[in-house]
Amino acid sequence: MKRKSIQKMTIIAILSAMAAILMLIEIPLGFAPDFYKLDFSEVPVLIGAFALGPIAGVIIEAVKILLNFMINGTITFGVGEVANFLIGLSIVVPASWIYTRHKTRKFAIIGLGIGIVSMTVLGAFLNAFVLLPVYASVFGTSVDGLVAVGTLVNPNITNLTGFILLAVVPFNLVKGILVSVVVILVYKRVSFLIKGKDHDEV
Amino acid sequence: MKNIVIGQFVPGSGFFYKLDPRTKIVSIVFLMVALFLLENITQLLIAFSVSVVLLIIGRLSIIRIIKGLKPIFILLIFTFLFQILFNQEGTLLVNQSMSLSYSSIASIVAITVLWRYLAHFKRFNFLLLLAWIAGIYLILSYFHYGPTFAPFSFKVYEKGVEMSIFVVIRLLIIITLSTVLTITTKPTDLTQGLEKLLRPMKVIGMNSEDFALIISISLRYIPTILDEANKIMLAQASRGADFSEGKLKDKVKQVISLLVPMFIIAFKRSEDLADAMESRNFIPGKPRTRIYELKFNFSDLMTSLFTAACFALSIVLKVI
């Protein structure tokens, strides 16, 4: 039992380090303004959460955000970090909670699907009511100013609702789907290493 | 990938090095909040000069701080231009009518090509960017042969200039504050400070010691994992994988060919580490001992008092 909890700790730590590294490799997507960038840092978090349960996922996500803060610093005194944390949790927790109850591929896909939906919804709300206003005040402009950046990318964006529906929602959908595809393709090939340990200990 | 530097700690001695990490973390949070309470440019300039004086007292090299600002330089320039272009309050300072014509479009393309061509002289990067912006400004306003179309006017307002300086200085101070923290504090000390500060979280069942240990392990393994990722990328490249190009589907395949071996190595490594910890009789959740305990001394007291004074002052200024 002791051995198992030590290994759980080390796995959480090393997966967090991987997530923090993946967070630094950002890929811009054409249809959203430049400050929305895609990264695959959610993959190690989801894999850890699938293998060790939702609580491990929460810890990995938290450590990932803290490490990123130590590497990059912050310009929003932590508000951006907290919002990132919540958006990350909104896909990790539902997906891993469903998967740990029914460990089949079908339920993994269902869980990730629900995770993507909840991430998109929460992402839209947090962007509209927390993130955009905070970033606007940091850069000394109004939310409309940030919306104007969106208009440069996509002329159909004219107001905040349009910005959320045409930039933020598709961004989170694409991010969620890509991350989920990678997780489903990777998980089965690597999980035997952690799960094998489970049976030895019981 | 090699140029990602983890942690910016620079060994040295001076006032900021001797401070307790807890004091530094808490003070910086409060100073940042205080900074956001300031409302006009005079107050901000005073704050800016105070922070420069503090840097000199702490004997921190200002050049090093400026180097730390490099990654956000583009962000600063973008913010500056954004404010100047979109803020339309106050009196009109510059009103320049501009328009497009065939000759101006051609010359804009030409100077952009020239700029990109000269951009590999890294030393003059910033000057070149300024010259490019100035060139576009001059071309749009004066350089027209033949028919002109799409006329518009370039307007700069007093408030726009004021706000752009305000926002840029505020960002500068914020980045300087967090750079001071990361330059003068070892990541391990930072983690230890965090551990002590998160102790009250025990109420919701979080063990801050284990959490801090997890952060320390992660920090320790980031360079190792980067190195391994590099090796795997080279290995896959020698098998013909191309990480820079391809369609989305190929990209996903490449990411997977990178991630699977990385996860396998990470899990094996975590097993070795768990063995090592267990054989040294590490027990999760039990209190640990340290060689160096954090001490709260006189300079910490002074710093806390200074922070409290700044915070109080900014609240008073906000209310008035």
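Below, the structure is looked at part by part. (Residues numbered from 1 in each chain as written. Chains lettered and ligands numbered in written order. Predicted model: local features only at pLDDT ≥ 70, side-chain atom pairs only at ≥ 80, totals over all residues. Heavy atoms only, no water.)

We now examine the overall build of chain B. From N to C terminus, chain B includes twelve helices and two strands. Along chain B, helices (α) and strands (β) appear in the sequence α-α-α-α-α-β-α-α-β-α-α-α-α-α when read from the amino end. At 26 Å, chain B has a C-alpha radius of gyration far larger than the 20 Å of a compact globule built from 320 residues. Counting across all 320 residues of chain B, residues that qualify as buried make up 38%. (Helix = DSSP H or I, 4+ residues; strand = E, 2+ residues; numbered from the N terminus. Rg over C-alpha atoms; globule rule 2.2 N^0.38 Å. Buried < 20%, exposed > 50% of the residue type's maximum accessible area, 1.4 Å probe, protein only.)

Each helix and strand in chain A was counted, giving eight helices and two strands. Across the 202 residues in chain A, those meeting the buried criterion constitute 57%. Long-range pairs, those at least 24 residues apart, make up 71% of the contacts in chain A between residues at least 6 apart in sequence. Counting every atom, chain A has about 8100 Å² of accessible surface; 69% of that belongs to carbon and sulfur. (Contact = heavy atoms within 4.5 Å. Areas by Shrake-Rupley, 256 points an atom, 1.4 Å probe, with all protein chains shown as cover.)

Turning to the packing of aromatic side chains, a few remarks are in order. Here the structure, examined in full by the defined rule, presents seven aromatic pairs over all chains. When the centroid spacing of 4.6 Å and the interplanar angle of 25° are considered together, the rings of F50(A) and Y99(A) count as stacked. Of this pair, F50(A) sits in helix α2 (residues 42-52) while Y99(A) sits in helix α4 (residues 79-101), placing them 49 residues apart in sequence. Residue class for F50(A) comes out buried when judged on its relative accessible area of 2%. For Y99(A), a relative accessible area of 3% gives the class buried. One aromatic cluster is present, built from ring pairs that chain together F50(A), Y99(A) and Y187(A). Sitting over the face of the ring of Y221(B), R220(B) holds its NZ or CZ atom 4.9 Å from the ring centroid. (Phe/Tyr/Trp six-rings, centres within 6.5 Å; stacked < 30°, edge-to-face > 60°. Lys NZ or Arg CZ within 6 Å of the ring centre and 35° of its normal.)

A few words now on the side chain of D300(B). Residues and elements named next belong to chain B. With respect to the helices, strands and loops of the structure, D300 is situated in helix α12 (residues 298-319). No salt bridge is formed by the buried D300; the nearest opposite charge belongs to R22, separated by 6.9 Å. Within the structure, D300 has its side chain in polar contact with the backbone nitrogen of N297 (distance 3.0 Å). Among all residues touching D300, those that are not within four sequence positions of it are L19, D20, T23 and K295. (Lys, Arg positive; Asp, Glu negative; His and termini not counted. Salt bridge = Lys/Arg side-chain N within 4 Å of Asp/Glu carboxyl O. Polar contact = N/O pair within 3.5 Å; in protein donor to acceptor, adjacent residues only side chain to side chain.)

Residue and element names in this part refer to chain B. A surface patch of nonpolar side chains, about 470 Å² in accessible area, is lined by F80, L81, L85, F86, I133 and I165. The element best represented in the nonpolar patch is helix α5 (residues 73-86), accounting for four residues. Along the polypeptide, L81 turns up in helix α5. Judged by its relative accessible area of 33%, L81 falls in the partly exposed class. (Patch = residues over 30% accessible without salt bridge, like charges linked within 9 Å, V, L, I, M, F, W, Y side chains within 5 Å.)

Listed as interface residues are 55 residues of chain A and, on the opposing side, 57 residues of chain B. Counting each side, the surface lost to burial between chain A and chain B is near 5000 Å², with a carbon and sulfur contribution of 85%. Summed over the three residues of chain A that lose the most area to chain B, namely M9(A), I14(A) and M70(A), the buried surface amounts to 14% of that side. One can count zero salt bridges joining chain A with chain B. Summed over the shared surface of chain A and chain B, the number is two residue pairs in polar contact (both at pLDDT 80 or more). Looking at the side of chain A that touches chain B, the elements that each hand over two or more residues are α1 (2-24), α2, α3 (54-72), α5 (105-138), α6 (143-153), α7 (160-190) and α8 (192-201) of chain A. Per-element tally for the side of chain A that touches chain B: the top contributor is α1(A), with 19 residues. Taken together, the residues that form the side of chain A that touches chain B break down as 41 nonpolar, ten polar and four charged. (Buried area = accessible area lost by both parts, 1.4 Å probe. Nonpolar A, V, L, I, M, F, W, Y, C, P; charged D, E, K, R; others polar.)

Where α3(A) meets helix α10 (residues 208-238) of chain B, the closest approach of the two axes is 10 Å, and the angle between their N-to-C directions is 55°. When the interaxial angle is binned, α3(A) and α10(B) end up oblique. Crossing of α3(A) over α10(B) shows right-handed handedness. Mapping the contact onto sequence places I59(A), A62(A), V63(A), L66(A), L67(A), M70(A) and I71(A) in α3(A) and F211(B), I214(B), I215(B), S218(B), L219(B) and I222(B) in α10(B). (Axes fitted to C-alpha atoms, helices over the stretch in contact; angles between N-to-C directions. Parallel < 35°, antiparallel > 145°, perpendicular 65-115°, else oblique. Left-handed = near helix turned anticlockwise from the far one by under 90°.)

None of the figures reported here should be taken as evidence of function without further support.
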